[in-house]
Number of protein chains: 2
Amino acid sequence: MRPLPRSRLQVQKEPLPRTVPEGTRRRILEAALRLFASQGFHGTSIRDVAKELELQPSALYSHFPSKEHILAALVQVGHEAHHEALRTAMLDAGNAPEAQVRALIRAHTVTHATHPLLAVVVNEEVNALPPELAAPALVLRQQSAALLLQVIERGVALGRFSPPHPVATAAAISAMGVRIPYWYEPGGALDIDSLANIHAELALRMLGARG
Amino acid sequence: MRPLPRSRLQVQKEPLPRTVPEGTRRRILEAALRLFASQGFHGTSIRDVAKELELQPSALYSHFPSKEHILAALVQVGHEAHHEALRTAMLDAGNAPEAQVRALIRAHTVTHATHPLLAVVVNEEVNALPPELAAPALVLRQQSAALLLQVIERGVALGRFSPPHPVATAAAISAMGVRIPYWYEPGGALDIDSLANIHAELALRMLGARG
DNA sequence: GTCTATACTATGATAGAC
DNA sequence: GTCTATCATAGTATAGAC
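Quick caveat, the model's predicted, so the values are computed rather than measured.

1. With respect to the overall build of chain A
Phase 1: Each helix and strand counted, chain A has 8 helices and 0 strands in total.
Phase 2: Taken over the C-alpha trace, chain A has a radius of gyration of 19 Å; the compact-globule value for 211 residues is 17 Å, and the two agree within 12%.
Phase 3: Structurally, chain A occupies a C-alpha span of about 60 × 40 × 30 Å along its principal axes.
Phase 4: Counting every position in chain A, which comprises 211 residues, the buried fraction comes to 51%.
Phase 5: Across chain A, the fraction of contacts at a sequence separation of at least 24, relative to all contacts at a separation of at least 6, is 71%.
Phase 6: Roughly 9,600 Å² of accessible area belongs to chain A as shown, and the carbon and sulfur atoms make up 54% of that amount.
Phase 7: Separation between the mean location of the 21 positive side-chain charges and that of the 19 negative ones in chain A comes to 2 Å.

2. What to know about the pattern of salt bridges
Residue and element names in this part refer to chain A.
Phase 1: A complete count under the given rule lists 14 salt bridges over all chains for this structure.
Phase 2: Glu-52 is the salt-bridge partner of Arg-34, the closest N and O atoms lying 3.1 Å from each other. Placement of the pair is Arg-34 in helix H1 (residues 24–39) and Glu-52 in helix H2 (residues 46–53), with a sequence separation of 18 residues.
Phase 3: According to the relative accessible area criterion, Glu-52 is partly exposed, its value standing at 38%.
Phase 4: Two residues, Arg-87 and Glu-84, come together in a salt bridge whose shortest N-O distance is 3.3 Å. Here the residue Arg-87 and the residue Glu-84 both occupy positions in helix H3 (residues 67–92), the gap between them amounting to 3 residues, near one helical turn.
Phase 5: Arg-87 gets classed as partly exposed once you look at its relative accessible area, which sits at 41%.

3. Some points on the protein's contact with DNA strand C
Phase 1: Inspection of the region around DNA strand C gives 16 residues, with Ile-46 of chain A together with Gln-56, Ser-58, Ser-62 and His-63 of chain B positioned closest.
Phase 2: Sugar and phosphate atoms constitute 56% of the interface atoms of DNA strand C, taking the interface as everything within 4 Å of the protein.
Phase 3: For DNA strand C, a phosphate oxygen lies 2.9 Å from a polar atom in the side chain of Lys-67 of chain A.
Phase 4: A distance of 2.7 Å separates a phosphate oxygen of DNA strand C from a polar backbone atom of Gln-56 of chain B.
Phase 5: Grouping the amino acids of the surface near DNA strand C by side-chain chemistry returns 5 nonpolar, 9 polar and 2 charged.

4. Re the side chain of Thr-109 of chain A
All names here are of chain A.
Phase 1: With respect to the helices and strands, the residue Thr-109 is situated in helix H4 (residues 97–114).
Phase 2: With relative accessibility at 0%, the residue Thr-109 sits in the buried group.
Phase 3: Sequence-distant contacts of Thr-109, that is, excluding residues within four places in its chain, are made with Ile-180, Leu-195, Ala-196 and His-199.

5. Observations regarding the relation of the copies chain A and chain B
Copies of the same chain, two in number, are related to each other by a rotation about an axis and a translation along it.
Phase 1: Overlaying chain A with chain B gives an RMSD of 0.0 Å, the required rotation being 180° about an axis along which the chain moves by 0.0 Å. Within this description, the copies of the chain are treated as partners about a two-fold rotation axis.
Phase 2: Taken together, the interface assignments show that 100% of the residues at the interface of chain A recur at the interface of chain B, consistent with an identical surface on both copies.

6. Description of helix H2 (residues 46–53) of chain B
Residues and elements named next belong to chain B.
Phase 1: Of the residues making up H2, those classed as buried are Ile-46, Asp-48, Val-49, Ala-50 and Leu-53.
Phase 2: Residues of H2 that are buried in the fold lie against helix H1 (24–39) and helix H3 (67–91).
Phase 3: Downstream of H2 by one or two residues, Glu-54 has phi in the positive range, about 55°.

7. Focus: the interface of chain A and chain B
Phase 1: Taken together, the contact between chain A and chain B spans 37 residues of the former and 37 residues of the latter.
Phase 2: Here chain A and chain B share 0 salt bridges between them.
Phase 3: Where chain A meets chain B, there are 4 residue pairs in polar contact (both at pLDDT 80 or more).
Phase 4: Elements that contribute at least two residues to the side of chain A that touches chain B include exactly helix H5 (116–125), helix H7 (166–178) and helix H8 (192–207) of chain A.
Phase 5: Taken together, the residues of the side of chain A that touches chain B sort by class into 20 nonpolar, 9 polar and 8 charged.

8. A look at the protein's contact with DNA strand D
Phase 1: Contacts to DNA strand D come from 16 residues, most closely from Gln-56, Ser-58, Ser-62 and His-63 of chain A together with Arg-47 of chain B.
Phase 2: Of all atoms in DNA strand D that approach within 4 Å of the protein, 51% are sugar or phosphate atoms.
Phase 3: Here a base oxygen of DNA strand D and a side-chain polar atom of Ser-58 of chain A are 2.8 Å apart.
Phase 4: Between DNA strand D and His-63 of chain A, the relevant distance is 2.7 Å, taken from a phosphate oxygen to a side-chain nitrogen or oxygen of the residue.
Phase 5: For the surface near DNA strand D, the per-class residue count stands at 5 nonpolar, 9 polar and 2 charged.

9. Let's talk about the environment of Glu-153 of chain B
All names here are of chain B.
Phase 1: Checked against the element boundaries, Glu-153 lands in helix H6 (residues 131–157).
Phase 2: For Glu-153, a relative accessible area of 42% puts it in the partly exposed group.
Phase 3: Linking Glu-153 and Ala-99, residues 54 residues apart in sequence, is a C-alpha distance of 14 Å.

10. Description of the nonpolar core
Phase 1: Core analysis: the largest hydrophobic core is formed by 59 residues, its most contacted members being Val-101, Ile-173 and Met-176 of chain A together with Val-101, Ile-105, Ile-173 and Met-176 of chain B.
Phase 2: The contact partners of Ile-105 of chain B, leaving out residues within four places of it in the chain, are Leu-148, Ile-173, Met-176, His-199, Ala-200 and Ala-203 of chain B.

11. A closer look at the packing of H4 of chain A against H5 of chain A
All names here are of chain A.
Phase 1: Two elements in contact, H4 and H5, have axes separated by 5 Å at closest approach and are oriented at 100°. Regarding the angle of H4 to H5, the classification is roughly perpendicular. Residues His-112, Ala-113 and Thr-114 of H4 pack against Pro-116, Ala-119 and Asn-123 of H5.
Phase 2: Per-class residue counts for the contact of H4 with H5 are 3 nonpolar, 3 polar and no charged.

Cut-offs used in this document
- Residues numbered from 1 in each chain as written.
- Chains lettered and ligands numbered in written order.
- Predicted model: local features only at pLDDT ≥ 70, side-chain atom pairs only at ≥ 80, totals over all residues.
- Heavy atoms only, no water.
- Helix = DSSP H or I, 4+ residues; strand = E, 2+ residues; numbered from the N terminus.
- Rg over C-alpha atoms; globule rule 2.2 N^0.38 Å.
- Buried < 20%, exposed > 50% of the residue type's maximum accessible area, 1.4 Å probe, protein only.
- Contact = heavy atoms within 4.5 Å.
- Areas by Shrake-Rupley, 256 points an atom, 1.4 Å probe, with all protein chains shown as cover.
- Lys, Arg positive; Asp, Glu negative; His and termini not counted.
- Charge placed at Lys NZ, Arg CZ, Asp CG, Glu CD.
- Salt bridge = Lys/Arg side-chain N within 4 Å of Asp/Glu carboxyl O.
- Near = heavy atom within 4 Å.
- Polar contact = N/O pair within 3.5 Å; in protein donor to acceptor, adjacent residues only side chain to side chain.
- Nonpolar A, V, L, I, M, F, W, Y, C, P; charged D, E, K, R; others polar.
- Least-squares fit on C-alpha atoms with pLDDT ≥ 70 in both.
- Core = buried A, V, L, I, M, F, W, Y, C linked by side-chain atoms within 4.5 Å.
- Axes fitted to C-alpha atoms, helices over the stretch in contact; angles between N-to-C directions.
- Parallel < 35°, antiparallel > 145°, perpendicular 65-115°, else oblique.

By themselves, these observations are geometric and do not establish any function.
Structure representation (structure tokens):
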């Protein structure tokens, strides 16, 4: 096993959302998250995870029934945090399509910039799961995508948006957030809140919103 | 080994650019490309590749010295095709920043939509390579990224573009193309040329180009 | 350039003591 | 809940015949 590449993926103080309770289970998820993000799920052995925690490999099986279940837990946590952030943002947004897009995109961007390791694992490794373990997360993903598309289509119906192609534009808007972990450096000159505002502005420009 | 998930990644007639000559070497690269795209590099064994070609595993070593070298060849081919497409597009674009952006983004989108498997492997598995095998491709990647940023900054200097943040906007524009393999279906209602025009339009909107 | 055979290592997971 | 010990399998790669 080669000593990790992907130095672009920084070490983080709090790689997992606070919804995951403290304890050995959380420590396993944190170690697995770092390793899966840098080496991939298949590139990481149960022994790698155990070594990172200074445990014996067998000790992990008291907390998770298999390596796949560790990944499944990460994927689920990531999708839940993302979906919850979008849902909460919509509650505060009022009924103007512009404000709704701004709220959704800000939440989308903040989530990806705050938990970049989780975003990478969720997006690159979900396919390593058997369908039954991936399914709950994929339902959430579908709902989140549908939420953005509905807001866009309502804006079009109200004459406030004029995207060249609603579905392709929704994909382009979503892509900005998904790609954050691959270029954005959290400690740098651009803070997360500013990036979120930039992405909201770009989304509204793509939609042809006035003002 | 589970029977492949990722049904979203379609089977393609010509998954590799024509720059790769016919022969066993190309057939190995094509089989490895399909498998790496659907199961990942670490999730694919040399036995899987051999089985796909109805060869014995040892036969592969007459063509490539290691599994890593197969991936390295794919990553290099992908980056070369992409970089060459951008370079050629710029030659035809003239000196107007709007036309240059349109040419670059059209080429970026066409490349990703035409070779989605290669795009996925190049972007998700390049980290599985040791630095010395990844280096040539990363040079090309950096040059391609710099090309877009230079065009944007020149447009800003000429007063034709007004992006909220040139670097973040360049990343957002690039992200549209990179994410194509994850949602776009080549056989569907939206053809590649139309998608390329949509992405060019979205890029110019993000940049605040007039007209 | 492909085959058979095999060396050697790494892997996911389990058994059973404490 | 963690340990030591171990199993069964799968992994990359090589040797040598044809």
